[in-house]
Amino acid sequence: MIRLEVAVAAPLSQTLSYLFVPEEHLLSDHCLVGKRVLVPLGGRQLTGYVLAELPNEDVDYILKPVIEVLDRLPLFHPNIIPFFRWIAGYYHYPLGEVIKTALPGGLNPGSEKKILLTDAGREQLAFWQHASLPEPAWLPDLLVKGSLTASASKKLLGDKKQKKVIRELLGLGQIMISHEVRKDGIRQKEETCYSLAPGILLPPDCGLHTLQALDSLTEYLQKELPGPLKKSEAKTLGVLLILGRESGNPLVPRQELLKAYHGSAAALPALLGKKLIMRGATRVFRNPFGSQLAHFPRPERLTDEQQETVVKISAAIDAGQFQPFLLYGVTGSGKTEVYLQAAEKTLKRGRDVLVLVPEIALATQLESHFVSRFGDQVVLLHSGLSAGERFDQWSLAASGKAKIVIGARSAIFAPLADPGLIVVDEEHDPGYKQDDSLRYHGRDLAVLRARNHNAVVILGSATPSVTSYYHAMTGKYALLRLARRVEGRSMPVVTIVDLRKKAAQPKCIFHSELREALAKNLARKEQSLLLLNRRGFSASLLCQACGTPVACTHCHVSLVFHKKKQRLVCHYCGYSVTDKLVCGTCRSETLVPMGFGTERIEEEARTLFPEARIARLDSDTATDRKKFLQVLKSMYNNEIDILIGTQMIAKGHHFPHVTLVGVAWADGGLNMPDFRAAERTFQLISQVTGRAGRGDRPGRVIVQTMQPDHYSIVFARNHQYEELYEHELTIRRQPRFPPFVRLIAFLIHGEGESEVRKTAELVAMRCRETIKGMSRISQAALEVLGPAPAPLERLCDRYRWQVLLKGERLDELHQVCAGIAEMAKAGGDTRISVDVDPENMM
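Notes on the structure in this doc start here. On a predicted model such as this, the values are computed, not experimentally measured, just so you know.

### Considering helix H7 (residues 214-224)
Burial in H7 covers these residues: Leu214, Leu217, Thr218 and Leu221. An end-on view of H7 places all buried positions within 105° of arc, on one side of the element. Facing away from the buried surface of H7 by more than 90 degrees, the exposed residues are Glu219 and Lys223. Contacts made by the buried residues of H7 are with helix H8 (231-247).

What follows is the structure, encoded as structure tokens:
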């Protein structure tokens, strides 16, 4: 018997011990670390993750046995387990849930509850439909099917309004609740293969080794093999012989066999019956890349700056020690080639490479570069893949067949055995921060994982986060600079257009300067980008009579008008209504669109330039990966004249024919209640500015704004990152904000407004009480802000309050946080979410 340490996929702060009794034939190969097991816990069966095999010591409690081992091979390497443990402690999140988050979705079997109708219930509940009592909405479905699905049962059992009814029906014996084991939602894909039975060999000197000689081989087999053999059967055997010899693998997939000789389909059953062939199965891996990726050749030479940077990174890779680099390179300076050369160096040393991007849109650009250089050594891990594709890509990485993983923030958990290089592209992007459940930061975990594996980590950006640049200035990171664009290309000229000064056509979104520039670009057959970081047609519909906006009934936000769908949509909870409605306040039918989004930008551009080839990329149009890739390909091939989009077109893309970039409205993020608002505005403008002039022709950028004198816009116009950095440091010294302090945010949310407020007050009081019990130095260094309603006070029918904790020392912050994390385990409708190092202050 073996005692195991198991982390259960449940809200438990500690791991559990279970017994495993290996079968006799597995005694020599029973390593379980990194595998999933099905274990009993409190009357349920849950997924657990084996972390260690423990010494068989006497304990004063009875250990329960493992029900089932769920995996043939480990899903993660033992060397990543300390990484999981650190995450659980730092982010105050259950270890089993951390591992569940890390693994591909669908790998979480366990017991689930289902509501079943009893025989007594079928007779008695049928009369309910004819009674005067109100009928529960779920009753007809239960009567017809005899049971509710697991998801419907879970929703019903968690509904406060239905609990009394459920309890009464259980007491009367009219329904029952069953516990059933949920199977894996995904599994490996296999294809049928055939091979020749033992003893059927082709003489090496017969010369019949190719499909061109198939007819001769067929005659030979009919003559040499015992028993009557039809021509189709002999021909099928011949194809199996030839294909097996060509591939070096006697197992031939059915589809390949039928492609070579379609008559095999009828011959296979007979050959199986005569025991001349054998049937088997082999695993196939689903291909997530879709259509053929663009090919990017290796450059003939590096710039002097690139060469110097590669030399420094290569030396660190050769040293085999932890080294964090901040690669600050202007847009178009060739950071991607630095990543590629560093990856090549890492692979030569036999180690693995992990490349992170903040969003799927950027992964596609790097995919092409890395696949061009490294071929099938590259796999992808991000949410844009199907569950099966993600599982297969994970398996290729875990098996060591793939050496390079490219993905969004969740790829930080990739099962690479020995990562020697981790690249975090666009390291400044807030998309690396998970905003719910396990609220981890992909960039920060990249640095931690590199330290754990004695690896090199490169944080790359043209606009580094203020915090990362501060770390470089204070010696925590080594700073690398790429100050010039490749091939001596100049940075674009940026023009600021003051929207406070009315131009002709006041209702037009485009100022006359931008309209004229677009027209000239079209005449020169050059490409243009138009950026607006807001999707939809208009920000809201406003009642012209009383001024009330149409709001979401579940959130305290306005609904966004999507003209193509003819609906108003909440971008937070997904609630939508038709645009044919009346004002809920005064019943007026006159509702007018206010503000604008990418959909309206597209409509106006098509009206102004009907002959132009126009496309739009935002989260409304980019949900289909194939269509998204096609738009990027068309843009790269100069088949689009004007591309309109949100921030997903602003970063990372290389469009050599773009010479004009227009920012329709630069002020969208400036007035957000967030201390990083100006920094992010600067980054967005600078990044989209970098899309212009990356080819043979110089670029130009036109930025429309109502705040032309704001420092973030002025610094972006002049490409002055260092000046923005110094300005931000001055502002953040007092009141203190990162990088001078660390933050932990507590989000209190629930359906009852007064209960949420009371809990928030209790959280703030508990924080202050804990601080009072600490030393005077600690008391002076810690600060509690709040409680206060969150800027987005109500989302998805849940009220939201915040408490913010500030401090310089992490150990003191976590000491205060530990007590609140214990409060968060209490359950109930009002929840407390702990967000360490928050990025989203909304």
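Let us keep going from here.
### As for a positive patch on the surface
Judged by side-chain charge, Lys160, Lys163, Lys164 and Arg167 come together as a positively charged surface patch. Inspection of the secondary structure assignment puts Arg167 in helix H6 (residues 160-171). The exposed category is assigned to Arg167, whose relative accessible area is 55%.

### Some points on the nonpolar core
Side chains of nonpolar character tend, in soluble globular proteins, to be buried together. Phe84, Phe413 and Phe746 are the most contacted members of the largest nonpolar core, which totals 133 residues. Not counting residues up to four positions away in its chain, the partners in contact with Phe84 are Phe76, Leu95, Val98, Ile99, Ala102 and Phe413. The next biggest cluster of nonpolar side chains, apart from the first, holds 34 residues, and it includes Ala316, Val357, Phe370 and Leu380.

### A short note on the sheet that holds strand S17 (residues 478-482)
If you walk across this open sheet you meet the seven strands as S13-S14-S12-S15-S16-S11-S17, and the pairing is parallel. This sheet does not close on itself; its edge strands, each paired only once, are strand S13 (378-381) and S17. For this sheet, the mean angle separating the axes of adjacent strands, direction not counted, is 20°. Note: strand S12 (residues 352-356) against strand S15 (residues 419-425), five bridges, orientation parallel. Residue Asp352 lies in a different strand from S15, and its bridge partner there is Pro419. Across the sheet, helix H14 (residues 387-399) lies against S13 and strand S14 (404-407), angled at about 135° from S13, the strand it touches most.

### Describing the environment of Met672
Structurally, Met672 is set in the loop between strand S27 (658-663) and helix H20 (677-689). Along the sequence, Met672 and Pro791 sit 119 residues apart, while their C-alpha atoms lie 9.2 Å from each other. Sequence-distant contacts of Met672, defined by excluding residues within four places in its chain, comprise Ala677 and Met842.

### Notes on the environment of Pro838
Among the structural elements, Pro838 can be located in the segment after strand S32 (831-836). The exposure class of Pro838 is buried, given its relative accessible area of 1%. A sequence separation of 791 residues divides Pro838 from Thr47, and the C-alpha atoms of the two residues are 30 Å apart. Leave out the neighbours within four places in its chain, and Pro838 touches Lys433, Arg676, Leu743, Ile744 and Ala745.

### What about the packing of aromatic side chains?
All chains considered together, the criterion is met by 18 aromatic pairs. Measuring from centroid to centroid gives 6.5 Å for Phe83 and Phe84, while their planes differ by 40°, and the two rings are tilted. Neither Phe83 nor Phe84 differs from the other in exposure class; each is buried. These aromatic residues form a ring-pair network of at least three members: Phe76, Phe83, Phe84, Phe413 and Tyr440. Sitting above the plane of the Phe83 ring, Arg449 keeps its charged end 5.8 Å from the centroid.

Each value, and the rule that gives it
- Residues numbered from 1 in each chain as written.
- Predicted model: local features only at pLDDT ≥ 70, side-chain atom pairs only at ≥ 80, totals over all residues.
- Heavy atoms only, no water.
- Buried < 20%, exposed > 50% of the residue type's maximum accessible area, 1.4 Å probe, protein only.
- Helix = DSSP H or I, 4+ residues; strand = E, 2+ residues; numbered from the N terminus.
- Arc of directions from axis to C-beta.
- Contact = heavy atoms within 4.5 Å.
- Patch = residues over 30% accessible without salt bridge, like charges linked within 9 Å, V, L, I, M, F, W, Y side chains within 5 Å.
- Areas by Shrake-Rupley, 256 points an atom, 1.4 Å probe, with all protein chains shown as cover.
- Salt bridge = Lys/Arg side-chain N within 4 Å of Asp/Glu carboxyl O.
- Lys, Arg positive; Asp, Glu negative; His and termini not counted.
- Charge placed at Lys NZ, Arg CZ, Asp CG, Glu CD.
- Core = buried A, V, L, I, M, F, W, Y, C linked by side-chain atoms within 4.5 Å.
- Pairing = 2+ DSSP bridges.
- Axes fitted to C-alpha atoms, helices over the stretch in contact; angles between N-to-C directions.
- Phe/Tyr/Trp six-rings, centres within 6.5 Å; stacked < 30°, edge-to-face > 60°.
- Lys NZ or Arg CZ within 6 Å of the ring centre and 35° of its normal.

Purely geometric stuff here, so don't read any function into it on its own.
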